[in-house]
Amino acid sequence: MSRPGRHFLQIPGPTNVPDRVLRAMAAPVIDHRGPEFAVLGRAVLDGMRAIFQTRSHVIIYPSSGTGACEAALSNALSPGDRVVIMETGWFSHVAWRQVAERLGLVVDYVSGTWRRGASPDDLEAHLAPDRRHDVKAVVVVHNETSTGAASRLPDLRAVMNRLRHPALLIVDTVSSLASIDYRHDEWEVDVAVSGSQKGLMVPPGLGFNAVSEKALKVSLAKQTRSPSTYWDWHEMVRANATGYFPYTPATNLLYGLREAQTMLLDEGLPNVFRRHARHGEATRAAVRAWGLETVCEEPSEYSNVTTAVMMPEGHNADQLRRIILERFDMSLGTGLGKLAGKAFRIGHLGSFNDLMLAGTLSGVEMGLAAAGVPYRPGGVGAALAHLAQTD
Ligand code: PLP
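Residues numbered from 1 in each chain as written. Predicted model: local features only at pLDDT ≥ 70, side-chain atom pairs only at ≥ 80, totals over all residues. Heavy atoms only, no water.

## A word on the overall build of the protein chain
Along its length, the protein chain carries 13 helices and 14 strands. At 21 Å, the protein chain has a C-alpha radius of gyration in line with the 21 Å of a compact globule built from 391 residues. In terms of principal-axis extent, the alpha carbons of the protein chain reach across some 60 × 55 × 40 Å. Residue burial in the protein chain is summarised as follows: out of 391 residues, 57% are buried. In the protein chain, once contacts between residues fewer than 6 apart in sequence are set aside, the share between residues at least 24 apart is 74%. Placing the 40 positive and 40 negative side-chain charges of the protein chain at their respective mean positions leaves the two points 1 Å apart. (Helix = DSSP H or I, 4+ residues; strand = E, 2+ residues; numbered from the N terminus. Rg over C-alpha atoms; globule rule 2.2 N^0.38 Å. Buried < 20%, exposed > 50% of the residue type's maximum accessible area, 1.4 Å probe, protein only. Contact = heavy atoms within 4.5 Å. Lys, Arg positive; Asp, Glu negative; His and termini not counted. Charge placed at Lys NZ, Arg CZ, Asp CG, Glu CD.)

## Concerning the confidence of the model for the protein chain
For the protein chain, per-residue confidence averages 97 on the pLDDT scale, and 99% of positions sit at 70 or higher. Highest mean pLDDT in the protein chain belongs to strand β8 (residues 168-172) (99); lowest belongs to helix α7 (residues 213-221) (93). (pLDDT = per-residue confidence, 0-100.)

## Re the side chain of N240
Of note, N240 is situated in helix α8 (residues 233-240). In contact with N240, other than residues within four places in its own chain, are L45, V58 and F245.

## Re the sheet that holds strand β11 (residues 293-294)
Adjacent strands of a sheet form backbone hydrogen bonds with each other and so pair up, either parallel or antiparallel. Spatially, the three strands line up as an open sheet ordered β11-β12-β14, and their pairing is antiparallel. The open sheet has two edge strands, β11 and β14 (343-347), and neither has a second partner. Relative to β14, strand β12 (residues 306-310) runs antiparallel, the two being bridged by five bridges. Bridging from a neighbouring strand, T307 pairs with I346 of β14. (Pairing = 2+ DSSP bridges.)

Following this line, the structure appears as structure tokens:
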């Protein structure tokens with residue numbers, strides 16, 4: 001059935017792809033070993049360095065975010081290595097704990113409530129007794145997409161520095177990059193992992209690793225070299241030096257990436273972060289006015305890219321999402337893992353503006369009424385008031 005108007009894709013990624021990016025991808029495929037490609041290759045690698053705020057290496061894989069997680073772990077660590085993974089929600093489990101265990105790493109999974117970011121105190125309690133430095137890496141999800149809680153990375157890094165612990169800091173920026181402030185070099189992150197389909201406004205299909213010199217050295221010195229050719233950082237770094245890739249890259253997605261980078265850097269990263277912060281706060285104003293609760297319970301860790309909303313007791317989030325999809329043609333994010341049925345997620349990231357937010361929140365408010373969920377009207381008004389005050 002065809003439906004009039006535009007679908008509202010308000011899941012926390014993949015996000016809406018700007019027409020400019022779509023048009024940039026509608027171009028002939030070029031020889032990935034020819035001179036034209038090297039120009040594109042260098043441009044997108046430079047652009048990613050600007051977006052990660054790093055002078056170090058960035059690697060671009062034709063992969064999803066999970067692939068880039070696997071790349072980070074398999075390059076930086078060897079089977080049998082101990083790694084601390086901070087539990088923040090569904091993605092710390094599926095994208096990190098599960099992948100790490102399959103790679104034969106020994107995982108210390110530091111438990112969390114799924115209602116906050118990673119706790120610096122818990123990290124300290126875990127790392128302080130490790131005087132022999134058995135822990136080789138600490139993994140943190142910057143923005144936990146399943147809960148809408150963002151971890152305070154500088155505070156976590158400060159714990160590691162205070163303890164003089166040499167473990168690598170590995171950060172998942174899949175849903176934070178290019179929407180929540182992230183500073184790879186300044187925050188001394190060793191490996192950052194990301195994907196194309198969220199803040200970067202590109203369709204799914206590109207995975208990224210930003211890699212510090214220290215991490216690159218650790219991976220070279222590893223006793224057990226990664227058995228993977230596909231993920232190998234060193235093959236990539238060698239080929240990237242001249243703008244090329246060791247195997248066939250996703251050429252047309254790279255055209256899209258180049259265009260998206262231009263848009264983001266023209267807007268200016270600080271403005272991109274401010275835009276997301278404003279939309280995050282407006283969304284939370286709506287949730288508060290509806291009398292509903294956000295999953296994230298710590299204001300200093302509210303996510304500016306996704307808001308997960310708890311359903312009142314006895315009401316199912318997927319039923320609400322189904323009604324909103326059928327009546328208003330809007331997709332909202334489902335509750336994941338232990339939040340399945342209990343929470344829904346509003347994505348407010350990527351190529352997004354005030355009127356898109358107003359439309360999104362109107363769809364939620366109309367959906368709450370249509371689904372018979374108890375709520376107080378006025379959420380959209382509260383969000384619009386916030387937008388007006390902060391214009
Ligand atoms: N990490 C986070 C924080 C995510 O949000 C996602 C996906 O949404 C992933 C990892 C996995 O990425 P992908 O689904 O692209 O493999």
